[in-house]
Amino acid sequence: MAAKKSPQLSQVEKIALQHSPFKDLYPPTEKIRTIVVENFPALGKLTAFRFLEWVQNNPGGVISLPTGKTPEHFIKWVTHLLNHWDEPDIQKELEAYGLNPTQKPDMRSLHFVQIDEFYPINPWQHNSFFFYVNQYYIDGFGLDPDKALLMDCTKIGLPEGETLDSVWPNLEVDLSLRFRPGNTLLERKQKDVLHRIDQWTLEYEEKIRALGGIGFFLGGIGPDGHIGFNVRGSDHLSSTRLTPTNYETQAAAATDLGGIEVARKRLVITIGLGTITYNPDCTAIIIAAGETKAKVVADAIQQEKNILYPATVLQDLPNARFYITRGAAKLLVERQFHCYQEKQHFTDQDAEKIIVDLALKKKKRVTDLTKRDFQSDRFGALLLKNRPETPQELTRKVYQSLVQKIENGTRVLSNTRFLHTEPHHDDIMLGYLPHVVRHIRNASNTHFFACLTSGFTSVTNKHMLQLVKNLQHFIDTPEFIQMMEEGYFDPEDEIGRNRDVWQYLDGVAANSTYQKNEGTARRLLRNLITIFEEYDRQNIKNRLPELEHYFKTQYPGKKDPQHIQQLKGMCREWEAECLWGYFGWNCSNVRHLRLGFYTGDIFTEEPTIERDVNPIIKLLEEVNPDIVTVALDPEASGPDTHYKVLQAIAEALKRYEKSSGRSDIKVWGYRNVWYRFHPSDANIFVPVSLNMFSVMDSAFMNSFISQKDASFPSYEHDGPFSELAQKIQVDQYQKIKTCLGREWFYENPRPMIRATRGLVFLKELTLEEFYHFSQELRQMLESK
């Protein structure tokens, strides 16, 4: 076997490493060279400069680039640099990154290979990868379409005269037809098409290899570690093929495809792991951002080659790299150890993290950890070296800290004004509902609930169709006719809005589907009157068949026109009002800001002061809160709506503090089903009982009716988000129970603690701490 070539860092990579606190490789733990950057925009910038550097050095080369949200800043930077190449500022920056500014990359000389595609899918749907690569790469980068290998499903395997709909009437493909006879005329036709597709994928693979293989591969990494659609368990020698996916991949694709119901039915065409590694000189870069990717990134970089970790195949390529953010690097052991080694002082929080991790690793109470336990773990040994306390003193301090955090979670404030904020309409509930409920029970407190986006992307056409049909059932009833005549449905009638909620909740209490349906129909009619500015019942009734036709005929995942987006968003807003009505709050306490950066586009805009920050300032002035809650996402990644909302709130609080003089406001940071706090990061542990789990599940399933079918689920759990939230809170409790010992809970003198079966983690911050934690909005905009 030939010896591997010694990998050489490019000039761009050498310069990037000068600005990184880490080396590119920590052998033998790490098997693939990795560059860590500060944030998501910086990740895209580094990747763009490395790509253009490669193109400069490899005119006529073969490139394969990713789809989805991960390459957002990569695409923006490449486009920006190419469009402004000759401008003095760009020339200066190109030179600073090690590129030759006099040599503009010859983009039309490149050959492009599409990585993957859903099957079957109309290529001109906006959510097809074919459409994406044409828009952003062929057109956006100025590539030559004649040199592109693309996956157009209407040209793959279909005999003349056939269409995707005629071959796959329900858009479902039965792969068993590869191996069994067709039992009907349709099945025999489908079997023939499957064989044609398999032949096409073979020829696609041969075309790539005839070009010498892929020279520059850029990809993301999926929740199961997949690259391309090579899911966990894929053969490392695999080639281009039509294949099914797994649940994690389907859940991640649900938003693009319009729901998990659609994603479950779709197969994919993907190049194989063997395709990517066919060219031994391939520059293969995987980009990943955010803490949610930390586990799959760590497995890919640190594990031995194994089919359970698809990206470990890249260990065969000397020029393979991972470009990742600090959040995504969180579980890279050597880099975390390096961070500790570089510390001048180990804080109490550092000590707590190391000791909690050690206790969980040893499955011991923190106070049972011995000096030998510390010395057997290099993080523990380093802690002892850098702190003056004995192991017993350190563990006692951590024990007391954990107990105090639980005490903080049992404390209920009085005479306090709360502004609870959320990026999406169920974030507060899934993040920290038990703490909200306990503070609602104290009547001296005042609560306002503000969702900052419309949330329309999480409402399916199927659900909207059900709502329209439900209204058709009620709109001609004597009760609705009378309410219409009385002006009940006036959009400005706050009492009427409350009555919609009360009607629905009466139905929940009575277990009456009819009453719940009537409340839902009332609110939909009110929303239609608002959107169409139409007060005549017959005219509204005439609109219903149009809406029914729209929701029946539009392909799932298509971007809706503005009035449909508004209608879907108002359905989410109605659900939030039902949730907080559950606990006695009227619609006037539930605010819907609909910030403008949330557009439904694959790449959303950044928040702006005028459009997105000022509405929050206005709300702060009205509420005059003592506590503001924020979904705390430290990095622009994952559901980047969370990050953008955080930035807008941070800027609004800074301006509000300056104008009001309110420096005493506290921020409660929470994380829901997308992110986790390490116990050392949080300072409030809220006990959760079985009773509270029941309340959460009941409230979620009865209020968020558009979400109870889990059309857009987490890749971690195949079911409603309320179930996943419970799973997370139980897991957090189990960790703390290990650290404190089960006796602390089971034999505690307080019933609340004995009843604890879950924990919510929160982080209380002063305004200054919050500003320090968040990046400035202006800095974020300047980093683009």
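Now for a quick tour of the structure. Just so it is clear, the model here is predicted, and its values are computed rather than measured.

Re the overall build of the chain
A tally of regular secondary structure across the chain gives 31 helices and 17 strands. Relative to the globule expectation of 28 Å for 784 residues, the C-alpha radius of gyration of the chain, 28 Å, shows essentially globular dimensions. Restricting the contact set of the chain to residue pairs at least 6 apart, pairs at least 24 apart contribute 78%. A total accessible area of about 31800 Å² is found for the chain, and carbon and sulfur atoms account for 49% of it. Distance between charge centres in the chain, computed from 93 positive and 102 negative side chains, equals 6 Å.

Notes on the pattern of salt bridges
Using the criterion set out here, one finds 54 salt bridges in the structure. When the shortest N-O distance is used, the salt bridge between Arg 671 and Glu 291 registers 3.1 Å. Of the two residues, Arg 671 sits in the loop between β15 (666-670) and β16 (684-689) while Glu 291 sits in the loop between β9 (283-288) and α11 (294-302), which places them 380 residues apart along the sequence. The exposure class of Arg 671 is buried, given its relative accessible area of 10%. On the basis of relative accessibility, which here comes to 22%, the residue Glu 291 falls in the partly exposed class. Residues Arg 591 and Glu 622 are paired through a salt bridge, measuring 2.6 Å at the closest nitrogen-oxygen approach.

Considering helix α15 (residues 378-386)
For α15, every residue scored as buried is listed here: Phe 379, Gly 380, Leu 382, Leu 383 and Leu 384. Where α15 is buried, its residues contact α12 (333-342), α13 (348-362), α14 (371-375) and α16 (391-410). Two or three places before Phe 379, at the opening of α15, Asp 377 has a side-chain oxygen 3.1 Å from that residue's backbone nitrogen.

Considerations on empty space enclosed by the protein
Going through the model one piece at a time under the given rule, you end up with four cavities of 30 Å³ or more. Estimates place the volume of the largest cavity at around 100 Å³. For the largest cavity, the lining is made up of 14 residues, of which Gly 431, Arg 671, Asn 672, Ile 728 and Gln 732 are closest to its centre. Secondary-structure elements contributing two or more residues to the lining of the largest cavity are α17 (427-440), α27 (721-740) and β17 (756-766).

Observations concerning the layout of surface pockets
Where empty space is left in the structure can be found by rolling a water-sized probe over the atoms. Its boundaries defined by the atoms lining it, the second largest pocket holds a volume of some 490 Å³. Lining of the second largest pocket is provided by 21 residues; of these, Glu 494, Arg 497, Val 590, His 592 and Arg 594 occupy positions nearest its centre. Secondary structure elements with two or more residues in the lining of the second largest pocket: α20 (494-510), α21 (513-532), α23 (562-582), β13 (590-592) and α24 (609-623). Counted by class, the lining of the second largest pocket contains seven nonpolar, five polar and nine charged residues.

Examining the side chain of Asp 373
Within the secondary structure layout, Asp 373 lies in helix α14. By relative accessible area, Asp 373 is classed as buried at 10%. Within the local environment of Asp 373, its side chain forms a polar contact with the backbone nitrogen of Thr 370, the two atoms lying 2.9 Å apart. If near-sequence neighbours (up to four positions away) are discounted, Asp 373 is found in contact with Leu 358, Lys 362, Lys 364 and Asp 368.

Cut-offs used in this document
- Residues numbered from 1 in each chain as written.
- Predicted model: local features only at pLDDT ≥ 70, side-chain atom pairs only at ≥ 80, totals over all residues.
- Heavy atoms only, no water.
- Helix = DSSP H or I, 4+ residues; strand = E, 2+ residues; numbered from the N terminus.
- Rg over C-alpha atoms; globule rule 2.2 N^0.38 Å.
- Contact = heavy atoms within 4.5 Å.
- Areas by Shrake-Rupley, 256 points an atom, 1.4 Å probe, with all protein chains shown as cover.
- Lys, Arg positive; Asp, Glu negative; His and termini not counted.
- Charge placed at Lys NZ, Arg CZ, Asp CG, Glu CD.
- Salt bridge = Lys/Arg side-chain N within 4 Å of Asp/Glu carboxyl O.
- Buried < 20%, exposed > 50% of the residue type's maximum accessible area, 1.4 Å probe, protein only.
- Polar contact = N/O pair within 3.5 Å; in protein donor to acceptor, adjacent residues only side chain to side chain.
- 1 Å grid on protein atoms, 1.4 Å probe; cavity = no way out; pocket = protein on both sides within 12 Å on 5 of 7 lines; lining within 4 Å.
- Points joined across faces, edges and corners; volume = space filled by probe spheres on them.
- Nonpolar A, V, L, I, M, F, W, Y, C, P; charged D, E, K, R; others polar.

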